[in-house]
Amino acid sequence: MAGMDFTGGLRADGLPAALSDPARLAAVKATGLLDTGPEEVFEDLAALAARITGSGRPFVTLVDAERSFWKACVGVDAIELADR
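All of these numbers come straight from a predicted model, not from anything done at the bench.

Reading guide: rules and limits
Residues numbered from 1 in each chain as written. Predicted model: local features only at pLDDT ≥ 70, side-chain atom pairs only at ≥ 80, totals over all residues. Heavy atoms only, no water. Helix = DSSP H or I, 4+ residues; strand = E, 2+ residues; numbered from the N terminus. Buried < 20%, exposed > 50% of the residue type's maximum accessible area, 1.4 Å probe, protein only. Contact = heavy atoms within 4.5 Å. Areas by Shrake-Rupley, 256 points an atom, 1.4 Å probe, with all protein chains shown as cover. Lys, Arg positive; Asp, Glu negative; His and termini not counted. Charge placed at Lys NZ, Arg CZ, Asp CG, Glu CD. Polar contact = N/O pair within 3.5 Å; in protein donor to acceptor, adjacent residues only side chain to side chain. Core = buried A, V, L, I, M, F, W, Y, C linked by side-chain atoms within 4.5 Å. Pairing = 2+ DSSP bridges. pLDDT = per-residue confidence, 0-100.

With that out of the way, let us pick up the overall build of the protein chain. Regarding its fold elements, the protein chain presents two helices and two strands. Per-residue burial for the protein chain yields a buried fraction of 19% across its 84 residues. Long-range pairs, those at least 24 residues apart, make up 38% of the contacts in the protein chain with a sequence separation of at least 6. If you sum the accessible surface of the protein chain, you get close to 5700 Å²; carbon and sulfur atoms cover 59% of it. On the protein chain, the mean spot of the 8 positive side-chain charges and the mean spot of the 13 negative ones are 1 Å from each other.

Given below as structure tokens:
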């Protein structure tokens with residue numbers, strides 16, 4: 001992430017400090033979306049993003065304190081939750 005400035009700076013591991021923000025982590029958890037299956041509305045959102053940006057592999061991704069979780073992924077074979 002060289003050359004990028006992040007509000008709050010970077011953590012020791014080089015990722016944006018905002019990833020560790022307790023309010024953000026609580027909001028992600030409150031969605032109840034982690035470890036849930038595909039939903040058409042999120043797949044549609046990812047497909048729309050692909051059309052707008054020209055991306056062949058759009059994702060809707062949630063990031064908690066430990067990992068990122070693909071709620072939607074178009075153009076990638078990730079049907080099983082363990083693959084997301």
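The next thing to look at is the side chain of aspartate 64. Examined against the element boundaries, aspartate 64 turns out to sit in the loop between strand S1 (59–63) and strand S2 (68–73). You can call aspartate 64 buried: its relative accessible area is 17%. From its side chain, aspartate 64 meets the backbone nitrogen of glutamate 66 in a polar contact 2.8 Å long. In this structure the side chain of aspartate 64 is engaged in a polar contact, spanning 2.9 Å, whose partner is the backbone nitrogen of arginine 67. Excluding residues that lie within four positions of it along the chain, aspartate 64 makes contacts with Arg24, Leu25, Val28 and Leu34.

It is worth spelling out the nonpolar core at this point. Counting residues in hydrophobic clusters, the biggest one holds seven residues: Leu33, Phe42, Ala46, Val60, Leu62, Phe69 and Ala72. Every element with two or more residues in this core is listed here: helix H2 (40–53), S1 and S2. With residues near it in sequence (within four places) discarded, leucine 33 still touches Glu39, Phe42, Leu62, Phe69 and Lys71.

Across the two faces of S1 the burial differs, with Val60 and Leu62 buried and Phe59, Thr61 and Val63 not buried at all. When S1 meets S2, the two strands line up antiparallel, connected through five bridges. Counterpart to threonine 61 in the pairing with S2 is tryptophan 70. Linkage of S1 to S2, two consecutive antiparallel strands, is achieved through a turn of four residues.

Mean pLDDT over the protein chain works out to 90, with 92% of the residues at or above the 70 mark. Here S2 is the element of the protein chain with the lowest mean pLDDT, 92, and helix H1 (residues 22–31) is the one with the highest, 97.

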